[in-house]
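Examining the three-dimensional arrangement
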Amino acid sequence: MTHRLHRDCLLIMAGIAATSAQAAESDAILTLGEVSVTAAEIGALSTQGIFTSVDRMGADLIENQSVDSAWELFMRMPGVQITEFNQGTTSGKLSFRGFNGEGEINAVKLLIDGIPSNTNDGNMPFIDMVMPLDIAYIETVKGTNDPRYGLYNIAGNAAIVTHTSGDYRKLRLSTGSFGTQDAQAAIGIEGDRLSQHYFAGGRRTDGYREHADLDKQSFAGKWFLNLDENGAHRLGLILRDYSADAEEPGYLTFADSRADPRMTNAYNASDGGNRDMRTGSLHYEGEVRDVSLVARAYRNEYDDQRFIKFSADAQQQERDTRERHTGLLTSATWRPAVDWAHQFALEVGANVENQDNTSLRYLTNERVRATQTRDQDFSLDTLGAYVQTVVMPTAHWKIVPAWRVDKVDGDFTNNLTGTTAPINDYGLINQPKLSVVYLPFDDTSIYANWGRSFQVGVGAGSFLIPPRVADIEPSINTGMELGVKFAPRDGIESRLALWQQTATKEERRELNNPSGDSVAVGETRRRGIDAQLNARWTADFDTWVALALQESEIIKPDPNQPATQGKEIDHVPNWLLSTGARYQLTPAWAISAEVLGQDDYYLERTNTQPRYGRYVIANIGANWQVNRQLALDLQVRNLTDEYYEYVWYDGAQSLHSPADGRAYYLTANVRF
């Protein structure tokens, strides 16, 4: 793989050198669809000042999508890997930069309207609270040089921004394959000083496989008040509530998955779960002279109960999780007028979060408890601060140095044994970062960045629990990237990025371990190439293509795992593909098509089992704008009915979860 990656790098670089070197704006952001975001001269520094691979996708490409969960929307985002468990409320997640989505190392920080939205283990169940009609845009920031976030921000972050401005009345009704029914409604009311926004949505489906029913509801209210007439101070409140009940079809043996991918096992008949989530956040934005102030206080509540039997020889488990996260993020940004630089800005920020977590597990028989295997209460407190400066000493250079420091604290109680444990003494976790961009032409950006992020244990892995007697140090991830963004003409933008990320003392969570502990992986290296092109060839015709080549390797394994020396990390495909086109046939009719794919992957870290997971699927769609108020959308997903799947290895056999076959969805979008 290493030689192929170097060869592909040279080929892509040669193609770039042969292309007209006029370019894009002085940032590294690429956008799909329409996104109403600008580089404001007020407020906190935006991602336009983070010179790394940033991608955005607008509401026009989101709100008509028929998906069971919002993580599926990221399938179209460049370089993003989607892991589809397809197991009830545990449906899937996104990852990137050579980190898999298994749940062992969750390397992506999730933000919803600027609020941290990961659970303690780094997973992303809160993403299910947001449905397509309420989303203004989604964004990914890849790399280690974004100083705004600490915990879980190992490979970067993903943001979902919902509608919090504008007058609108929107209704969406969908029906489709597998007994799917979906209803969403959104209302925006703009007053002179008060902005109100409401959302309600629900979805139910029988699922592609047997015993895969899903029923979920989501509600949101958002209120923003201008405290003065000129809008210099704005106060907001966002409340969300979500509930879901789902059956789980379970995992199949290889033979059963090929014979009948829609089947379920008899022993999974009582598998499933329910999930309830609530979030509330207060938002403040203000301007005091030359300083922009931002503060967000939040409370996230997560209650989950799951029953799962992984194989015929295993016993059913009940997994109960209760989490309460309370936090505050603040920043102050100063943009003085200086005569010694073309541009200067200084930002300082801080965040604090308290997690109050409970994790229970039982061995059960048809949901009847037999033995309790886990009863843990633990807190995790994080405190972080950062400073970053944007300096443009000349018209052709921008330099962004930054420094972040994090501190982790907490305590742990094992209620089964009555024992307690302190947090590992991680000390002050320093993360220097540096980004530089060179602007050789008005529309060309050549950028480079270097930075460090960190990983600490999750669950019991964060604590000094016997028989361990020595503190575990944090895993330090050092990343670097070199990229160019350019545009041969208006409407065309492209980016090429070469990146690498190494980690010391990487840890992974043992997913099926009753203690919830972590084990050492060792030193790792991930690297790759991202190539993207977004093009609006005419006013009626758009195309995009994104190819990510990546490799992952265990450089120096933990002494207890010598067989993993030089092996690939499991569940990391060597390439990811997203490409598509949209054509406006007439003012009333538009058609679209996309192809999504990924390479296969190893199931475990010794690379001795067969590889699985490769797929290339096609989706098509048609939109009819019946009149000003009504539009009809037809989507056909997995057009060729290709079989693809998620696969894992339990130590004795491969276990398979088939993805959806061909599906049809018809949606009516109404504007009042």
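Structure's up top.
Report on the accompanying structure. Counting restarts for each chain, with residues numbered from 1 along the sequence as it is written. With pLDDT at 70 or above as the cut-off, local features in this predicted model cover only qualifying residues; side-chain atom pairs require 80 or more to be listed or tallied, and sums for whole chains, interfaces and linings still use all residues. For the side-chain quantities, the full set of heavy atoms in the structure was used; hydrogens and water were omitted.

So, on to the overall build of the protein chain. Scanning the protein chain from N- to C-terminus turns up two helices and 33 strands. Against the compact-globule benchmark of 26 Å for 672 residues, the protein chain has a radius of gyration of 24 Å, which places it among compact chains. Here the C-alpha coordinates of the protein chain stretch approximately 70 × 60 × 55 Å along the principal axes. For the protein chain, the proportion of its 672 residues judged to be buried stands at 58%. Only heavy atoms matter for contacts: two residues are in contact if any of them lie within 4.5 Å across the pair. Considering only contacts in the protein chain between residues 6 or more positions apart, those separated by 24 or more positions represent 66%. Per-residue and other accessible areas were derived by the Shrake-Rupley procedure at a 1.4 Å probe size, with only the shown protein chains allowed to occlude residues. When the accessible area of the protein chain is evaluated, it comes to approximately 26400 Å², of which 56% is carbon and sulfur surface. Charge centroids of the protein chain, computed over 63 positive and 89 negative side chains, lie 1 Å from each other. Put simply, DSSP H or I for four residues or longer makes a helix, DSSP E for two residues or longer makes a strand, and each gets a number counted from the N terminus. What the globule rule says is 2.2 Å times the number of residues to the power 0.38, and the radius of gyration is computed from C-alpha atoms. Between buried and exposed lies partly exposed: a residue is buried under 20% and exposed over 50% of the maximum accessible area for its type, with that area taken using a 1.4 Å probe on protein chains only. For this count, His and the chain ends are skipped, Lys and Arg are scored as positive, and Asp and Glu as negative. Positions of charges follow a simple convention, taking NZ of Lys, CZ of Arg, CG of Asp or CD of Glu.

Moving on, we come to a nonpolar patch on the surface. The patch calculation keeps residues exceeding 30% relative accessible area without a salt bridge and links them within 9 Å when they carry like charges or within 5 Å when they are nonpolar (Val, Leu, Ile, Met, Phe, Trp, Tyr). Just to be clear on terms, a salt bridge is a Lys or Arg side-chain nitrogen sitting within 4 Å of an Asp or Glu carboxyl oxygen. Taken together, the side chains of Tyr-583, Leu-585, Trp-589, Ile-591, Trp-624 and Val-626 present a nonpolar region at the surface, about 520 Å² in accessible area. Tracing the backbone shows Tyr-583 in strand S27 (residues 575-584). Of the residues examined, Tyr-583 reaches a relative accessible area of 37% and is grouped as partly exposed.

Let's shift gears to the pattern of salt bridges. Once the charged atoms of two side chains with opposite charge are near each other, the side chains can pair. Under the definition given, this model contains 44 salt bridges. For Arg-203, the salt bridge goes to Asp-68, with nearest N and O atoms at 2.6 Å. Of this pair, Arg-203 sits in strand S11 (residues 194-205) while Asp-68 sits in the loop between strand S2 (53-58) and strand S3 (80-87), and the two are 135 residues apart along the sequence. Residue Asp-182 is joined to Arg-172 by a salt bridge in which the shortest nitrogen-to-oxygen separation is 3.9 Å. Taken together, the residues Asp-182 in strand S10 (residues 180-190) and Arg-172 in strand S9 (residues 168-176) connect sequence positions 10 residues apart.

Another point: the side chain of Gln-584. Position of Gln-584 relative to the elements: it lies in strand S27. Here a polar contact means two N or O atoms within 3.5 Å. Within protein one must be a hydrogen donor candidate and the other an acceptor candidate, and residues neighboring in sequence count only if both atoms are side-chain atoms. Of the polar contacts made by the side chain of Gln-584, one reaches the side chain of Arg-582; its length is 3.3 Å. Here the side chain of Gln-584 touches Thr-586 through a polar contact of 2.9 Å, landing on its backbone oxygen. Among residues more than four places away in sequence, those in contact with Gln-584 are Asp-540, Trp-589 and Ala-590.

Attention now moves to the nonpolar core. We define a nonpolar core as any set of buried Ala, Val, Leu, Ile, Met, Phe, Trp, Tyr and Cys residues linked to one another through side-chain atoms lying within 4.5 Å. Grouped together as the largest cluster of nonpolar side chains are 42 residues, with contacts concentrated most on Phe-74, Leu-94, Ile-127, Ile-138 and Ile-160. Taken together, the elements giving at least two residues each to this core come down to S3, strand S4 (90-96), strand S5 (108-112), strand S7 (135-142), strand S8 (156-162), strand S13 (233-247) and strand S29 (615-625). Per-element tally for this core: the top contributor is S5, with three residues. Every residue in contact with Leu-94, bar those within four places of it in the chain, is listed here: Phe-74, Val-80, Gln-81, Ile-82, Val-108, Met-124, Ile-127 and Ala-158.

Another point: the pairing of S27. On a regular strand, each side chain points to the face opposite its neighbour's, so the side chains alternate between the two faces of the sheet. Here, any two strands with at least 2 DSSP bridges between them count as paired. Note that strand S26 (residues 541-557) and S27 share nine bridges and pair antiparallel. Considered in S27, the bridge of Trp-544 is made with Gly-580. Across nine bridges, S27 lies against strand S28 (residues 589-598) in antiparallel orientation. Across the sheet, the residue bridging to Gln-584 is Ala-590, located in S28. Counted between consecutive antiparallel strands, the loop separating S27 from S28 contains four residues.

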